[in-house]
Amino acid sequence: MLMSPASSMTAQLLRPAASGRLKPILKSTSSVIGIRRSRDEAGLDDDDDDDTDASSADGTQSPLRKRARVEFDLENIEIHEIGARPVGEIRNEIRDALDRHARGEDEDYDMLKQTLQGKPVSYRDEDEDDDGEDIDPVAIAKQRQELKGYFIALAAFTPRLGRSCDGLVRSLLQCQWLGRDDQFAKIYIQFLAALVSAQGPRLTQVLSMIVEKFSGSRPSEWAVEGWPTVAREAAHDRLHAALRYILQLFPVAESVLEPILASKYPFHEEPKRSHLAYVNNLLRLRQYSPGLKNDIMDLIISRLIKIDVETQLDLDDMDDKLAAMVGMALKSAQEHDGQDDDDSDDSDNESVSSAESEDEEYVRVKTAKENIEKMDTILDSLFELYTPVFADPQSQEAMDAFEDLLAEFSHLILPTIKSKHVQYLLFRFAQRSERLIDAFCGTCINIAFESHRPLILRQSACAYLASFVARGAHVPGHIVVKIFEVLGYHLDEMRAVYEVSCRGPDVRRYAPFYALMQALMYVFCFRWQDLITSAPDDVDKEDPLSYLDQEIEWESEIKDIMRRNIYSKLNPLKVCSPVIVDQFAKLAHHFRFMYVYPLIESNKRLRLSQYSVGAYSNGGALRDMSFDMNDESWQQLSSYFPFDPYQLPKSKRWVDEDYLPWRPIPGLNPEELGDDSDEEEIDDEEDEIDEDTATEEGAGEDD
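The rules we used
- Residues numbered from 1 in each chain as written.
- Predicted model: local features only at pLDDT ≥ 70, side-chain atom pairs only at ≥ 80, totals over all residues.
- Heavy atoms only, no water.
- Helix = DSSP H or I, 4+ residues; strand = E, 2+ residues; numbered from the N terminus.
- Buried < 20%, exposed > 50% of the residue type's maximum accessible area, 1.4 Å probe, protein only.
- Contact = heavy atoms within 4.5 Å.
- Areas by Shrake-Rupley, 256 points an atom, 1.4 Å probe, with all protein chains shown as cover.
- pLDDT = per-residue confidence, 0-100.
- Arc of directions from axis to C-beta.
- Axes fitted to C-alpha atoms, helices over the stretch in contact; angles between N-to-C directions.
- Parallel < 35°, antiparallel > 145°, perpendicular 65-115°, else oblique.
- Left-handed = near helix turned anticlockwise from the far one by under 90°.
- Nonpolar A, V, L, I, M, F, W, Y, C, P; charged D, E, K, R; others polar.
- Patch = residues over 30% accessible without salt bridge, like charges linked within 9 Å, V, L, I, M, F, W, Y side chains within 5 Å.
- Salt bridge = Lys/Arg side-chain N within 4 Å of Asp/Glu carboxyl O.
- Lys, Arg positive; Asp, Glu negative; His and termini not counted.
- Charge placed at Lys NZ, Arg CZ, Asp CG, Glu CD.
- Core = buried A, V, L, I, M, F, W, Y, C linked by side-chain atoms within 4.5 Å.
- Phe/Tyr/Trp six-rings, centres within 6.5 Å; stacked < 30°, edge-to-face > 60°.
- Lys NZ or Arg CZ within 6 Å of the ring centre and 35° of its normal.
- Disulfide = S-S within 2.5 Å.
- Polar contact = N/O pair within 3.5 Å; in protein donor to acceptor, adjacent residues only side chain to side chain.

A few words on the overall build of the chain. In terms of helices and strands, the chain carries 28 helices and two strands. In the chain, which comprises 703 residues, the proportion classed as buried is 54%. Across the chain, every contact between residues at least 6 apart in sequence was considered, and the portion connecting residues at least 24 apart equals 73%. When the accessible surface of the chain is totalled, it reaches about 31,200 Å², and 48% of it is carbon and sulfur.

To continue, consider the confidence of the model for the chain. When pLDDT is averaged along the chain, the result is 78; 72% of the residues meet or exceed 70. Looking at the elements of the chain, mean pLDDT is at its lowest for helix α2 (residues 30-33), recorded as 34, and at its highest for helix α18 (residues 424-430), recorded as 97. In the predicted structure, residues 120-132 sits below a pLDDT of 50 and forms 14 contacts with residues beyond four places in sequence or in another chain. Confidence drops under pLDDT 50 across residues 614-627; counting only partners more than four residues distant or on other chains, this segment forms 29 contacts.

What sets the pattern is the α-helix's 3.6 residues per turn: residues three or four places apart point alike. When helix α5 (residues 107-116) is considered as a whole, its buried residues turn out to be Y109, L112, T115 and L116. Mapping the buried residues of α5 onto a view down its axis gives an arc of 120 degrees, with all of them on the same face.

Another aspect to go through is the packing of helix α19 (residues 434-448) against helix α21 (residues 477-498). It is the contact of α19 with α21, at a shortest axis distance of 12 Å, that shows an interaxial angle of 15 degrees. On the basis of their axis angle, the class for α19 and α21 is roughly parallel. For the element pair α19 and α21, the recorded crossing hand is right-handed. Where α19 approaches α21, its residues E434, I437, C441 and I445 are matched on the opposing element by H478, I479, I483 and V486. A per-class count over the contact of α19 with α21 returns six nonpolar, one polar and one charged.

What follows is about a negative patch on the surface. On the surface, D392, E397, D400 and E403 cluster together to form a negatively charged patch. By the element assignment, E397 lies in helix α17 (residues 396-413).

Counting residues in hydrophobic clusters, the biggest one holds 191 residues, and the most contacted among them are W177 and L261. Top element by residues in this core is helix α22 (residues 507-527). It accounts for 14 residues. Excluding anything up to four places from it in sequence, W177 contacts F184, A185, Y188, I189, M209, K213, R238, L239 and A242.

The next thing to look at is the packing of aromatic side chains. What the rule picks out here adds up to 38 aromatic pairs. Ring geometry for Y265 versus Y278: centroids 5.2 Å apart, planes at 65 degrees, classification edge-to-face. Taken together, the residues Y265 in the loop between α11 (253-263) and α12 (272-288) and Y278 in helix α12 connect sequence positions 13 residues apart. For the ring pair F524 and W554, a centre distance of 5.6 Å and an interplane angle of 35 degrees mean the geometry is tilted. Linking F524 in helix α22 with W554 in strand β2 (residues 553-554), this pair joins segments that are 30 residues apart in sequence. Among the residues examined, F524 registers a relative accessible area of 0% and is labelled buried. Residue W554 is classed as buried on the basis of its relative accessible area of 9%. Three or more aromatic residues joined by ring pairs form one cluster here, namely F409, Y424, F427, F440, Y464, F468, F643, Y646 and Y659. Looking at R180, its charged tip hangs above the ring of F184, at a distance of 5.2 Å from the centre. Over the ring of Y288 we find R244, and its NZ or CZ is 4.4 Å from the ring centre.

Okay, the side chain of S171 next. Structurally, S171 is set in helix α7 (residues 166-173). Those residues in contact with S171 that lie beyond four places of it in its chain are K113, L116 and Q117.

According to the stated counting rule, one finds 24 salt bridges in the structure shown. Between R653 and D380 there is a salt bridge, and its shortest N-O distance comes to 3.0 Å. With R653 in the loop between α26 (597-603) and α27 (679-684) and D380 in helix α16 (residues 360-386), this residue pair connects regions lying 273 residues apart in the sequence. The buried category is assigned to D380, whose relative accessible area is 5%.

Another point: the environment of Q394. In this structure, Q394 sits in the loop between α16 and α17. Sequence separation between Q394 and L436 is 42 residues, and the spatial gap between their C-alpha atoms is 8.7 Å. Not counting chain neighbours up to four residues away, the residues in contact with Q394 comprise S433 and R435.

So, about unusual backbone geometry. Although it is not a glycine, N571 adopts a positive phi angle of roughly 45 degrees. With respect to the secondary-structure elements, N571 resides in the loop between α23 (558-566) and α24 (572-575). The exposure class of N571 is buried, given its relative accessible area of 8%. Of note in the backbone geometry, R592 takes a positive phi value of approximately 55 degrees without being a glycine. Within the secondary structure, R592 is located in the loop between α25 (578-590) and α26.

By definition, a disulfide is the covalent link that joins the sulfur atoms of two cysteine residues. Tallying each qualifying case throughout the model produces zero disulfides. A disulfide-free cysteine, C441 has its sulfur positioned 6.6 Å from the sulfur of C444, the nearest such atom. We classify C441 as buried; its relative accessible area is 4%.

What describes two packed helices is the angle between their axes and the distance between those same axes. In contact at an axis separation of 9 Å, α12 and α16 are set at 20 degrees when each is read in the N-to-C sense. Relative to α16, the element α12 is oriented roughly parallel. Of the two possible hands of crossing, α12 and α16 adopt the one that is right-handed. Residues K272, H275, L276, V279, N280, L283 and R286 of α12 pack against E373, K374, T377, I378, S381, L382, L385 and Y386 of α16.

Here R273 is to be found in helix α12. There is a polar contact of 3.3 Å between the side chain of R273 and the side chain of E221.

Relative to the helices and strands, E270 resides in the loop between α11 and α12. Through-space distance from the C-alpha of E270 to that of E370 is 9.3 Å; in sequence the pair is 100 residues apart. In contact with E270, not counting residues within four places along its chain, are H275 and K374. For E270, the side chain forms a polar contact with the main-chain nitrogen of F267, separated by 2.9 Å.

Next up, the structure:
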């Protein structure tokens with residue numbers, strides 16, 4: 001007989017007779033489960049034996065029992081001296097209760113519901129004093145033992161548990177089965193399988209009950225009075241044993257499970273421990289449910305992005321005082337990082353609580369701090385999950401995993417402009433090999449230059465490509481040159497098309513051109529050394545200052561590409577982010593690459609409004625949404641680049657070595673310090689939470 005993993009799990013409960021073979025707990029005849037199933041399909045035996053006898057819990061054969069069938073130890077499981085009711089007697093009780101319920105008499109039916117929920121039932125004699133406080137421990141142990149018998153016996157009645165027994169089924173599913181012993185959990189799992197076999201529509205209820213417990217992280221959430229505490233790991237093992245068994249018996253369960261996983265995902269405001277427990281259980285589910293592998297990652301990434309964006313918006317709205325308070329709360333939480341996770345939420349909250357804990361400001365700080373911790377912890381788990389996969393970046397396993405990440409990037413991450421941290425999964429693992437670098441850059445290029453794509457995606461793809469090439473510490477120089485040339489080629493093509501009808505700079509009409517030009521200037525600011533073919537012998541490659549005012553040879557076409565497009569009628573220096581334009585102008589001048597200051601000065605006398613046709617509509621996806629007609633900043637690109645400094649304290653360790661920070665050249669421009677950058681604070685106070693807004697104020701000066 002084909003045995004599923006969950007069936008073999010019940011071996012401790014079963015014993016073969018001397019002349020027979022092992023048989024499962026459940027019977028598969030139509031009288032028991034309503035649907036005839038083959039052994040290969042369900043892993044269940046066809047023998048229909050109406051009686052179940054007792055045997056020893058350790059699997060030894062009782063000398064008084066010699067029949068060839070599956071038998072349960074209902075008398076000697078834990079306490080040998082109390083003796084439990086025979087399953088046959090319990091079965092008769094259940095049959096009578098269901099028969100009376102069908103006739104409208106619900107007293108026994110209601111008692112059965114209470115019993116199956118595991119609620120205590122009084123065992124006192126009728127003439128016993130009600131004030132007596134002594135409870136017979138033998139009676140309590142008997143009740144525990146009998147509850148197992150109820151679930152064993154009830155398996156025979158699953159065909160009768162239709163809509164008329166909805167209340168009873170709800171009680172069955174509310175049973176605290178995780179907090180009892182292993183044998184009870186195994187019996188309960190087998191009962192769930194029998195229920196679904198006989199009542200197919202109950203599959204959704206059963207799966208919902210299991211998944212709902214994914215977010216549980218404290219033993220108190222599943223504890224049962226009088227039973228030893230069940231550790232979190234053991235409780236989660238039982239959940240996955242049940243889920244794995246049901247998925248094996250009923251393949252259709254995967255399609256039913258997918259929407260349930262999304263609906264049971266913890267709400268945004270629920271504590272970190274619930275989010276982390278749920279995500280860890282989802283990742284564990286991926287290991288034995290390949291059909292849900294991509295759906296699970298879609299779900300995790302989409303919820304992470306939501307937290308990421310909302311957190312960023314909240315921080316953007318905070319003043320310096322509140323931002324500093326968030327940083328202090330995070331620092332306090334890190335100092336208590338070694339304590340038990342079950343208590344972490346309560347103790348962390350104390351770091352932002354006070355007599356004015358209900359004050360709106362404190363609520364905002366507390367919420368921001370908790371959201372940052374959720375995102376940080378979950379991302380740390382994802383980095384840890386994928387790192388072994390990319391240990392051999394040339395393997396097919398690594399390529400398959402990266403293709404999955406690229407799908408998440410294209411459909412979830414790329415369209416979300418305000419995401420600041422989730423995309424670092426791609427940033428880290430793309431740099432494991434040139435093959436993966438090529439795959440990521442190729443994806444960005446394809447999206448950026450496909451005309452049927454929405455404009456916002458094309459601009460965002462340009463920003464991702466430039467930011468990755470500029471910031472990736474392991475992106476080799478020859479790839480930087482190649483990307484620069486490819487982008488330059490497309491830039492020339494755009495210019496040739498747009499210049500025909502161009503009257504002057506207009507971000508609304510020519511947004512793709514300006515986004516691409518800004519991307520090239522951004523790459524130049526970070527990777528100018530890789531664009532050099534030769535320099536004088538007295539230049540020290542480790543000292544950027546030594547390159548100043550030297551005769552440097554640049555890669556062929558690089559200088560011509562920039563010159564043709566900068567001095568075109570499209571006038572990109574007027575539209576691109578002033579911070580990036582200014583930084584590019586300084587470096588280009590001192591490295592004798594190009595001198596653009598006269599053009600910048602003449603642009604100061606130019607009004608963009610005279611070239612703008614209509615109001616802000618479908619262009620400038622990367623621009624500031626709030627604008628004043630007297631302020632031309634709304635007609636310029638913002639300095640958004642998605643791989644700005646990574647600020648999450650715990651998971652930051654994964655990307656530190658992959659990230660190329662901005663290193664200003666000493667003495668290049670002393671007056672720039674303190675003008676329009678928050679990066680001084682970032683260098684001196686890396687733990688401050690307001691770091692994450694750095695490059696929105698000044699790209700290229702952000703670390």
